Amino acid sequence: MPEETIRGLLAGIPLVALIVDPSERIIGANAEAQALLGRQIVGRHFATILRQPPVIDALERCLRRQESTRTRLLSSEDGQDVTFDVSCRHIPDLGALLCFTDVTPMEKAGQMRRDFVANVSHELRTPLTALMGFIETLRGPARDDNVARERFLQIMEGEASRMNRLVGDLLSLNRVESQERVRPSAEVDLHGLLKSTLNSIKPLSEEAGVAMKLIAPDNPVLVAGDPDQLRQVFTNLIENAIKYGGSGGVVDISLTSKDRDPALRAPSARILVADKGPGIDPVHLPRLTERFYRADSHRSRELGGTGLGLAIVKHIINRHRGRLRIESDLGQGSVFTVILPQGTAAAN
């Protein structure tokens, strides 16, 4: 086949593609292949270019046995691992056609599912193990010990509540993710919603000895949103500030409006939740909204955290086309800022 025809054929393939002849030389490569493997690859032996053993074995089988083969090529782009599915097809009188399909997103999605199942299993295993151990004890050595029985039952109730919270948060996260592409359209007054949220959290703040201070304009601040989901966002952030930053004695909540917010390039409403507690090491900040990620795992579990709260918050804010900003440093407290589009920007 003429070289010009080979170049035209490969140029029409919207994937990384190259052709290796029976003498194991690369006789054609499209622009995508040259970008991935190098500009001067035509005419060279394929083993000097495709150095990974699985790819070499697959190509040799294709050439020798004249059969189709598949394998994976692992590469790196800008410091990120990239995985290609490599398909080898025998072409009579020409050699083998190799096409590389980037399957990195699918690999990452699969890894995320595996990590998610592993994390859920881990989170459930601890309370389940505790429950089984206490049940065995109550049936045996503590059968007639009333004091021990009451203490064990109280612990078992706490572990069961922990599992119930985890299941509830998993269902909530699934519901929020399924609605993430659907824009909410109800008109919500953030001032009224914040006041109502603070009233519902008041018993928790009083028990912790933490004062909550709201600073907001007198007039309503309206956004297009889902009132129940926004209440969930504010409840989560304020409860976290009380639980983890309550040692500072006060949690400040402020609501402001901006005619043009640089974060959205449009009118916005900003809700800040600030505490004066011990703060968070900045190394943890980029990962705080990941599922099951905790800056302090032991303390989070002690306080009843499931590790899903901020992940739910992130997805709700994404659904509202907003932004979440987290600022903190050790010994300096923490500030969580929710930025929501306001007015006509929320309806677009």
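The preceding data block contains the structure.
The rules behind each value
- Residues numbered from 1 in each chain as written.
- Predicted model: local features only at pLDDT ≥ 70, side-chain atom pairs only at ≥ 80, totals over all residues.
- Heavy atoms only, no water.
- Phe/Tyr/Trp six-rings, centres within 6.5 Å; stacked < 30°, edge-to-face > 60°.
- Helix = DSSP H or I, 4+ residues; strand = E, 2+ residues; numbered from the N terminus.
- Buried < 20%, exposed > 50% of the residue type's maximum accessible area, 1.4 Å probe, protein only.
- Axes fitted to C-alpha atoms, helices over the stretch in contact; angles between N-to-C directions.
- Parallel < 35°, antiparallel > 145°, perpendicular 65-115°, else oblique.
- Left-handed = near helix turned anticlockwise from the far one by under 90°.
- Nonpolar A, V, L, I, M, F, W, Y, C, P; charged D, E, K, R; others polar.
- Pairing = 2+ DSSP bridges.
- Contact = heavy atoms within 4.5 Å.
- Salt bridge = Lys/Arg side-chain N within 4 Å of Asp/Glu carboxyl O.

**Let's talk about the packing of aromatic side chains**
Move 1: Applying the stated criterion across every chain yields a total of two aromatic pairs.
Move 2: Relative to F100, the ring of F84 has its centre 6.4 Å away and its plane inclined at 80 degrees; by these criteria the two rings are edge-to-face. Pair noted here: F84 is in strand β4 (residues 80-91) and F100 is in strand β5 (residues 95-102), with a separation of 16 residues, a long-range link.
Move 3: Look at F84 and you get buried, because its relative accessible area is 5%.
Move 4: A centroid spacing of 4.9 Å and a plane angle of 35 degrees characterise the contact between F134 and F152, whose relative ring orientation is tilted. A residue pair is termed long-range when its members are at least 10 positions apart, and F134 in helix α4 (residues 104-139) and F152 in helix α5 (residues 146-178) qualify at 18 residues. With respect to class, F134 is no different from F152; both count as buried.

**A closer look at the environment of P286**
Move 1: Position of P286 among the secondary structure elements: in the loop between β10 (266-275) and α8 (297-302).
Move 2: Each C-alpha atom of the pair P286 and P141 lies 48 Å from the other, and the pair is 145 residues apart in sequence.

**Quick look at the packing of α4 against α5**
Move 1: It is at 10 Å that the axes of α4 and α5 come closest, and there the two elements cross at 160 degrees. Here α4 is positioned roughly antiparallel relative to α5, judged by the angle of their axes. Crossing of α4 over α5 shows left-handed handedness.
Move 2: For the contact of α4 with α5, a count of residues per class yields 17 nonpolar, two polar and four charged.

**What about the sheet that holds β10?**
Move 1: Sheet architecture is open: five strands sit in the order β7-β9-β10-β12-β11, paired in mixed fashion. In the strand order of this sheet, the two ends are held by β7 (211-215) and β11 (323-328), each with one partner. Adjacent strand axes in the sheet meet at a mean angle of 15 degrees, parallel and antiparallel pairs treated alike.
Move 2: Bridge count for strand β9 (residues 250-261) against β10 is nine bridges, and the pairing is antiparallel. Counterpart to D261 in the pairing with β10 is A266.
Move 3: On top of the sheet, helix α6 (residues 190-208) reaches β7, β9, β10 and β12 (334-341); it is set at about 175 degrees to β7, its chief contact.

**Topic: the pairing of strand β1 (residues 16-20)**
Move 1: For β1, a buried count of five out of five residues is recorded, marking the element as mostly surrounded by other parts of the structure.
Move 2: In β1, alternate side chains face the same way, and those of V16, L18 and V20 on one face and A17 and I19 on the other are all buried.
Move 3: Bridging between β1 and β5 involves five bridges; their strand directions are antiparallel. Paired with A17 across the two strands is C99, which belongs to β5.
Move 4: Examined bridge by bridge, β1 and strand β2 (residues 26-29) share three bridges and lie antiparallel to one another.

**Describing helix α9 (residues 309-319)**
In an α-helix, one turn spans 3.6 residues; hence positions three or four apart end up facing the same way.
Move 1: The buried fraction of α9 amounts to nine of the 11 residues, a majority that puts the element mostly inside the structure.
Move 2: For α9, the complete set of buried residues consists of G309, L310, A311, I312, V313, H315, I316, I317 and R319.
Move 3: Next to the buried residues of α9 lie α5, α7 (227-245), β11 and β12.
Move 4: Directly after α9, the chain includes R321, whose backbone phi takes a positive value near 60 degrees.

**What to know about the pattern of salt bridges**
Move 1: Enumeration according to the criterion identifies 10 salt bridges in this entry.
Move 2: Across the salt bridge formed by R72 and E107, the nearest N and O atoms sit 2.7 Å from each other. Within this pair, whereas R72 is found in strand β3 (residues 69-77), its partner E107 is found in helix α4, the two being separated by 35 residues in sequence.
Move 3: Classification of R72 as partly exposed rests on a relative accessible area of 35%.
Move 4: Taking relative accessible area as the criterion, E107 reaches 34% and is therefore assigned partly exposed.
Move 5: Residue R162 pairs with E159 through a salt bridge whose shortest N-O separation is 3.7 Å. Taken as a pair, R162 and E159 lie in helix α5 at a separation of three residues, close to a single helical turn. The residues R162 and E159 share a single accessibility class, namely buried.
Move 6: If you follow the salt bridges from partner to partner, you end up with R70, R72, D85 and E107 in one network.

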